[in-house]
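Chain by chain, the residues:
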Amino acid sequence: MQIQKISGGVTAPAGFLASGIHCGIRKNKAKRDLALIYSETPCTAAAVHTQNLVCGAPNTVTRRHLENHLAQAIICNSGNANTCNADGEQKAEMMAELIARRLSLKPEDVVVASTGVIGQILPIEPIENGADQLVAELSRDGSTHAAEAIITTDTVIKETACEFTLGGKTCRMGGIAKGSGMIHPNMATMLSFLTTDAAISGEMIQKALTRVIADTFNMVSVDGDTSTNDMVALLASGQAGNPVITAEGEDYETFCEALHMLCSEICRRIAKDGEGATKLLVCHVSGAKTVADAKKAAKSVICSSLLKAAMFGSDANWGRVLCALGYSGADLDVHTVAVRFVSKAGSVAVCENGAGIDFSEEIAKQVLSEDEILIDITVRGGSAEAEAYGCDLTYDYVKINGDYRT
């Protein structure tokens, strides 16, 4: 089975339309701030949400709406998180109703999401005034506009798609996402909306999403802060015509593999676009006793502020890698650890059996001066492996967040 990348985003799968407009939540009229994704037919649906106890009102509403694993549209605004507001749930339900009325849907078949500043009342008037335009501009080419409308401090839009085969039928899967800051493993670490034309039951789509989240979105960290509004939602229209996936088996595994490929690509883009970041950091840990140990080790390295700062300065300070492994909580023997730094400029081994080895600082500097760095760690305790995604820590991160609200 081959999974191929294709162009497009959430409108790559059959039956999906999208749009993104400026409705007035943001003061900057050049920035889109309201997005809509719509399926021409009812979908099975699943979502995974933040584990932060301070949870956005849209997440609470969407949890209720997806109890039956059915949905047909997603509405999302940027510029205001609709979190910690007394009228938050009422406003989120109103967003669903505004779109449902115009698309002849039930409000509970609409996924609602918001992102932006916490603790400010969400004005519903701009959304109400823009709803007609938002629906009118739905199109097969609307994925990019929707992707633009959900970003906040992101510097690039994030959309991707892939194609695969189930039961002899060509299926497609696409996604858009936002995420640059307030990103840390504890569910999804940002907003991402995924679509597919594959046919899969409600129970199995939730099972697949939860499984893949654990190895992708839960392995991303930019700054150690878990957002209040994290959400990954997946809609499946079934328009590809494949036999409906109702149980584990070959087709289910193929579906999960395609979903993993899509989510992994999105995670890399989010990490690379971390607030103020200049480099994508990927930490791969192999030879661990268990997958849980490998994940703990990889995430600990990615989350180390000292390591992130060293990567910004292209400094091969491998001791910071060992330090992060030591407090990760992973069951490993530090005397077996080997570390390499790898990039398109080459690779340099810096540690073997838990101790430093001779290496060229000049070559190391060249390797670490690229914009994508692999921190390759072998712990030699078993056969389990894991990968985590992060970025360097720069002066600009503080600048961006020093006046984010004002």
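Data block above holds the structure.
These notes cover the structure that comes with them. (Residues numbered from 1 in each chain as written. Predicted model: local features only at pLDDT ≥ 70, side-chain atom pairs only at ≥ 80, totals over all residues. Heavy atoms only, no water.)

Remarks on the overall build of the protein chain
Of the regular secondary structure elements, the protein chain holds 11 helices and 15 strands. For 406 residues, the compact-globule formula gives about 22 Å, and the C-alpha radius of gyration of the protein chain, at 21 Å, lands near that figure. For the C-alpha atoms alone, the extent of the protein chain along its principal axes is close to 70 × 55 × 35 Å. Counting all 406 residues of the protein chain, 57% fall into the buried class. Nonlocal contacts in the protein chain, meaning residues at least 24 apart in sequence, comprise 81% of its contacts between residues at least 6 apart. Accessible surface, the protein chain as shown: approximately 15,800 Å² in total, 49% of it carbon and sulfur. Measuring between centres, the 35 positive side-chain charges of the protein chain sit 3 Å from its 49 negative side-chain charges. (Helix = DSSP H or I, 4+ residues; strand = E, 2+ residues; numbered from the N terminus. Rg over C-alpha atoms; globule rule 2.2 N^0.38 Å. Buried < 20%, exposed > 50% of the residue type's maximum accessible area, 1.4 Å probe, protein only. Contact = heavy atoms within 4.5 Å. Areas by Shrake-Rupley, 256 points an atom, 1.4 Å probe, with all protein chains shown as cover. Lys, Arg positive; Asp, Glu negative; His and termini not counted. Charge placed at Lys NZ, Arg CZ, Asp CG, Glu CD.)

Side note on the nonpolar core
Of all hydrophobic cores here, the largest spans 76 residues; its most connected members are F255, L259, F341 and I377. At 11 residues, helix α6 (residues 250-272) tops the list of elements feeding residues into this core. Residue contacts for I377: discarding those within four places in its chain leaves C283, H284, V285, S286, V301, V321, L325, V337, A338 and V339. Counting residues in hydrophobic clusters, the runner-up holds 26 residues, among them L34, V112, I127 and V135. (Core = buried A, V, L, I, M, F, W, Y, C linked by side-chain atoms within 4.5 Å.)

Remarks on the packing of aromatic side chains
Summed over the entire model, instances satisfying the criterion amount to one aromatic pair. Between F312 and Y395, the aromatic rings sit 5.3 Å apart at their centres with planes inclined by 90°, giving edge-to-face as the arrangement. You can see F312 sitting in helix α8 (residues 305-312) and its partner Y395 sitting in helix α11 (residues 395-402), a full 83 residues away along the chain. (Phe/Tyr/Trp six-rings, centres within 6.5 Å; stacked < 30°, edge-to-face > 60°.)

A short note on the packing of helix α5 (residues 202-215) against α6
In contact at an axis separation of 9 Å, α5 and α6 are set at 45° when each is read in the N-to-C sense. Taken together, α5 and α6 sit at an angle that is classed as oblique. Like other packed secondary-structure pairs, α5 and α6 cross with a definite hand, here right-handed. Here α5 contributes M204, K207, A208, L209, R211, V212 and D215 to the contact with α6, which in turn contributes Y252, E253, F255, C256, L259, H260 and C263. Taken together, the residues of the contact of α5 with α6 break down into nine nonpolar, one polar and four charged. (Axes fitted to C-alpha atoms, helices over the stretch in contact; angles between N-to-C directions. Parallel < 35°, antiparallel > 145°, perpendicular 65-115°, else oblique. Left-handed = near helix turned anticlockwise from the far one by under 90°. Nonpolar A, V, L, I, M, F, W, Y, C, P; charged D, E, K, R; others polar.)

Quick look at the pattern of salt bridges
As enumerated under the stated definition, the model contains 21 salt bridges in all. Notably, a salt bridge pairs E163 with R172, separated by 2.9 Å at the nearest N-O pair. Each of R268, K272, D371 and E372 takes part in a single network of salt bridges with overlapping partners. (Salt bridge = Lys/Arg side-chain N within 4 Å of Asp/Glu carboxyl O.)

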